[in-house]
Amino acid sequence: IIDAALKYGFPNEKLFARRGKALNYSVNGERRMLRGELGEPAEILLNGQPVPINRPVIQHDSVKIKESTIGEPAKQSVGELFKNKKSIHFKINHKNVPCPVLIKVNGEDVNEYYQIQDDDVIELLNYYTVEKLLEYIDLTPPGRILLNGAAASMQDKVYENFTLEFSLKEDYVNTDEQSYTAYQYDDSKGSGKENNLYENDQLTETNNNMKVTKDRLHHPGEDDTSINITLPVIVNGTSVVLYGKPAYVVVDILDVYDFDVSIMRGSGVVIMINKEAADFSTPLKEKDTVELYWKD
């Protein structure tokens, strides 16, 4: 049959299954190609009966050929490329915080659902900038930020397991490199008390960063377990109890409530406390009603 088809002028490529369009792209500088799906081979009828293409024919046989089909073009999301590396962890004020791995396509940020296009240039970043990390946790600290113990700029890179430290409720009045003083505000009284956050810190240079080798940034009283309290709140309609600390902010909810921030599922996290906008650093009070969800 194949001899007869070619003699007749039937295109060779339309006799055999054809693949859909391949997808060409690069990942962190490495060129890759994903082949398209395979279509269906030609449908051949010999005297009205389906037969393979190598079936012999004799004089006066009737052969009908329905050409092969083209398979689906190759398609893949960036999330499928990096399914084994979906989160990156940082230590923010001594708390382990998982964040989605940042993916850029042609220089633009994308989420895991982005469908790869032909000739896309894809980058999987193994860091955040300070600015991007603060943007992700929806927080703007009022004072100096420390990266591995050294004063940081917004464009400094934060790699996995790096430590970012800042004070959530202080106004900085002295930013000396060796020590600084802040005011810890008492919300209930509307007044503040002076608090020295660092005492005799020794700074040493390590891997081009400054690292604190003695003491650490902390909240006053955080090491005094004698004043730890339990705090009942309502999160997305569910009652939860926070425990083990003298005071709590919204990010502490992640210790007891299942809300996955390791994968970006929208344009950002929406946080509401008692129907008012809040962020991860907002203090919590007993019986607060908290809403956490992803913004479309």
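Our structure's up above, just so we're on the same page.
We now turn to the structure provided with this report. Bear in mind that the values here come from a model prediction, so they are computed numbers and not experimental data. (Residues numbered from 1 in each chain as written. Predicted model: local features only at pLDDT ≥ 70, side-chain atom pairs only at ≥ 80, totals over all residues. Heavy atoms only, no water.)

Moving on to the pairing of strand β6 (residues 87–92). Alternating positions in β6 separate cleanly, Ile88, Phe90 and Ile92 being buried on one face and Ser87, His89 and Lys91 remaining unburied on the opposite face. With 6 bridges connecting them, β6 and strand β7 (residues 95–100) associate as antiparallel partners. Bridging across to β7, isoleucine 92 finds its partner in lysine 95. Taken together, β6 and the strand that follows it, β7, pair antiparallel across an intervening segment of 2 residues, in which asparagine 93 is found at a positive phi of about 50°. (Buried < 20%, exposed > 50% of the residue type's maximum accessible area, 1.4 Å probe, protein only. Helix = DSSP H or I, 4+ residues; strand = E, 2+ residues; numbered from the N terminus. Pairing = 2+ DSSP bridges.)

What the rule picks out here adds up to 11 salt bridges. A salt bridge links lysine 14 to glutamate 67, with the shortest nitrogen-to-oxygen separation between them at 3.7 Å. Residue lysine 14 is located in the loop between α1 (2–8) and β1 (23–27), and its partner glutamate 67 is located in the loop between β5 (63–66) and α2 (78–81); the two are separated by 53 residues in the primary sequence. On the basis of relative accessible area, lysine 14 is assigned to the partly exposed category, the value being 26%. For arginine 32, the salt bridge goes to glutamate 30, with nearest N and O atoms at 3.9 Å. Exposure remark for glutamate 30: the relative accessible area of 45% places this residue in the partly exposed category. Linked by salt bridges that have partners in common, Lys104, Asp109, Lys132 and Glu135 make up one network. (Salt bridge = Lys/Arg side-chain N within 4 Å of Asp/Glu carboxyl O.)

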